[in-house]
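# Structure at a glance
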Amino acid sequence: MLLTQAPNQITGDLGGKKIEYTVDQTALAHIMNVLTELYSDPHKAVVREISTNALDSHAISGQTRPIKITTPSRINGFFIVEDFGAGMSPDDLENIYSSYGASTKRGNDIEAGQLGLGSKSPFAIADQFTIRARKDGIETLAMLSRNANRSAQIEIVSEQETDEPNGVRLQIPISGDLNIFNRKVEEFVRYVRPGLVDLNGEVNEVPEHWIKLSDDIYVNTKNHYGEDGYQRDAIVVMGNVAYPADRSSIPSSIIAYVPMGSLAFTPSREELMYIDLTERTLRSVADDVETLSSAYIAEELSRVSTPAEKLAVISGLSSVTTVNDWTKYSELTRVFPTMHMHQYSNKVRYDSDQYYYLFRRNSTTVPYVVYNSTRAKGDRQLFNSIGAGKGDKAVIFNGTKDEAKGYFPDATLVDAKKVKRKPRQRNTTTPAIPKETFEDIRGQLVSESTLRGLSKILYVAKSEQALGHEIAVRKGERIVYVAPGKQAAFVKKFPNAAKLSDVYMERREKIRAYVGPRMCNHTSEMV
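Residues numbered from 1 in each chain as written. Predicted model: local features only at pLDDT ≥ 70, side-chain atom pairs only at ≥ 80, totals over all residues. Heavy atoms only, no water.

## A word on the overall build of the chain
Along the backbone of the chain there are 15 helices and 23 strands. The contacts of the chain with a sequence gap of at least 6 include a subset with a gap of at least 24, amounting to 62%. Put simply, the chain shows about 29700 Å² of open surface, and 49% of that area lies on carbon and sulfur atoms. (Helix = DSSP H or I, 4+ residues; strand = E, 2+ residues; numbered from the N terminus. Contact = heavy atoms within 4.5 Å. Areas by Shrake-Rupley, 256 points an atom, 1.4 Å probe, with all protein chains shown as cover.)

## With respect to the pattern of salt bridges
Under the criterion given, the structure shown has 18 salt bridges. The partner of Arg478 in a salt bridge is Asp440, with the nearest N and O atoms 3.2 Å apart. Note that Arg478 is positioned in strand S22 (residues 477-481) and Asp440 in the loop between strand S19 (437-439) and strand S20 (445-447), a separation of 38 residues in sequence. The same class applies to Arg478 as to Asp440, namely buried. Linking Arg452 and Glu448 is a salt bridge whose minimum nitrogen-to-oxygen distance equals 2.8 Å. Of this pair, Arg452 and Glu448 are both found in helix H12 (residues 448-452), four residues apart, which corresponds to roughly one turn of the helix. For Glu448, a relative accessible area of 18% translates into the label buried. Here the salt bridges share partners, and the residues they tie into one network are Glu82, Arg134, Glu164 and Arg169. (Salt bridge = Lys/Arg side-chain N within 4 Å of Asp/Glu carboxyl O. Buried < 20%, exposed > 50% of the residue type's maximum accessible area, 1.4 Å probe, protein only.)

## What about the nonpolar core?
If you look at the biggest cluster of nonpolar residues, it comprises 33 residues, and the most contacted ones within it are Ile69, Phe79, Tyr97, Ile131, Ile172, Val185 and Val197. Non-local contacts of Ile172, meaning those with residues more than four positions away in its chain, are made with Val46, Ile50, Gly77, Phe78, Phe79, Pro122, Ile125, Ala126 and Phe129. Membership of the second largest hydrophobic core comes to 23 residues, among which are Val241, Val258, Leu282 and Val289. (Core = buried A, V, L, I, M, F, W, Y, C linked by side-chain atoms within 4.5 Å.)

## Re the packing of aromatic side chains
One pass over the structure, following the stated rule, counts ten aromatic pairs. Summarising the aromatic geometry, the rings of Tyr218 and Tyr257 are spaced 6.2 Å apart at their centres and angled 80 degrees between planes, so their arrangement reads as edge-to-face. You can see Tyr218 sitting in strand S10 (residues 217-220) and its partner Tyr257 sitting in strand S13 (residues 254-257), a full 39 residues away along the chain. For the pair formed by Tyr218 and Tyr257, the shared burial category is buried. The positively charged end of Arg65 is found above the aromatic ring belonging to Phe84, 3.7 Å away from the centroid. Arg193 extends its terminal NZ or CZ atom over the ring of Tyr257, reaching a point 4.2 Å from the ring centre. (Phe/Tyr/Trp six-rings, centres within 6.5 Å; stacked < 30°, edge-to-face > 60°. Lys NZ or Arg CZ within 6 Å of the ring centre and 35° of its normal.)

## Focus on the sheet that holds strand S21 (residues 456-460)
Taken together, three strands build an open sheet; the order of strands is S22-S21-S23 and the sheet is parallel. The open sheet has two edge strands, S22 and strand S23 (497-499), and neither has a second partner. Across the sheet, the mean angle from the axis of one strand to that of its neighbour is 35 degrees, orientation sign disregarded. Looking at chain direction, S21 and S23 are connected through three bridges and run parallel. Each bridged residue has a counterpart across the sheet, and for Ile457 the counterpart in S23 is Ala497. (Pairing = 2+ DSSP bridges. Axes fitted to C-alpha atoms, helices over the stretch in contact; angles between N-to-C directions.)

Okay, structure coming up:
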């Protein structure tokens, strides 16, 4: 890919001696190590970089068959990527893999690479990996490994003739949780253009839960966190690399494929750089999404007639729309009169104009619909009065019974005018505390009978409670709070009671006599 960089802004020339920057040859190992470990998610980086290199090879050579990716398993713990593109000779291997920054892709906008770092990314997760490259009838086996000083080297193991087509096969050992690694492979392949990857014997396709707005823009209908395929931010894909567009106005459910060179990204290729080039591209995508989604909604609504069908269409396409879409079209305002939903088990509550948020929750099927409601907003009292159970949902609706039945034919319909509201039950009483209880140092209430069963009760005023943390409570003992004015009566009532400070000093003196005063003074442990 052609390099993207901002123009230099230099003001004036003082005419002094100019010295070009160089790289300290003694620090090469350190620099290589830094460049290798620049990824925040090394496993994801290896999947992205090695797979993208294979896709680039197909793109530049005009190869139409998919690249092959094999994920690791317990039997074969290697991540394997094979392409059938331009191939590599021994000289190609030596020139590309032995030099950080070396790249053959900066002169075109067909290949995604340009930095000369991705081919070395396997060193971020493994100290050794192998390459089997074929070009012009010669197959080369190379071993790449790290030295003790963390620098790297390439060893050409063998060269032999072959009748297999040109291509490159990388084999990288994977350690750790293989399930997590394989999910990252699947996530990468999900956003690659369809038909370009053979993953474990299956060629990738557009996911079933994506809606196609155009050849370059799709909508992800998995809009619930935790669903397989859910995405938190809008995704823009350039060169088959997916970037989260977390600082754009593009709806989070959108996947947009953009031309090569239209985005700037960080050296790790994990995030976008929001320079003018990137911002212009994202604004263009946002405009296209608004136009395409509006047309798609209108077309889908034209294919159905009943209120229930239209409601199902809007609910199914809720991830396409923005909040403004709900009031933009006269068709939508006719489909949705004033309504809102209550579900008190998890605090779901929507105002009458928040259809967008209501139906993003897939609420086309609800057990209860209250019609003829004259309230601008529903309330918990009405919800509890219709017989709804905990976890049930109820739509509070200001339309007629026939309208309600048209939108929700399977729901239980309730006339708001006939609902006998249950009076609110307020708990105005404070639980009574038993008279013969005492609070211990842990804040728990202890009964009189429990205290009588102890071998010793250590009592202390709350103002001296810090002392309770400096004494080790033995088996059969408990520390309780007793106000200074009530301590005499407490001792009379409980013969097994003793003042905490007295017991503390008694035990401390015993320790002092045993280990000596100096050791005792230096001891900060409990006595």
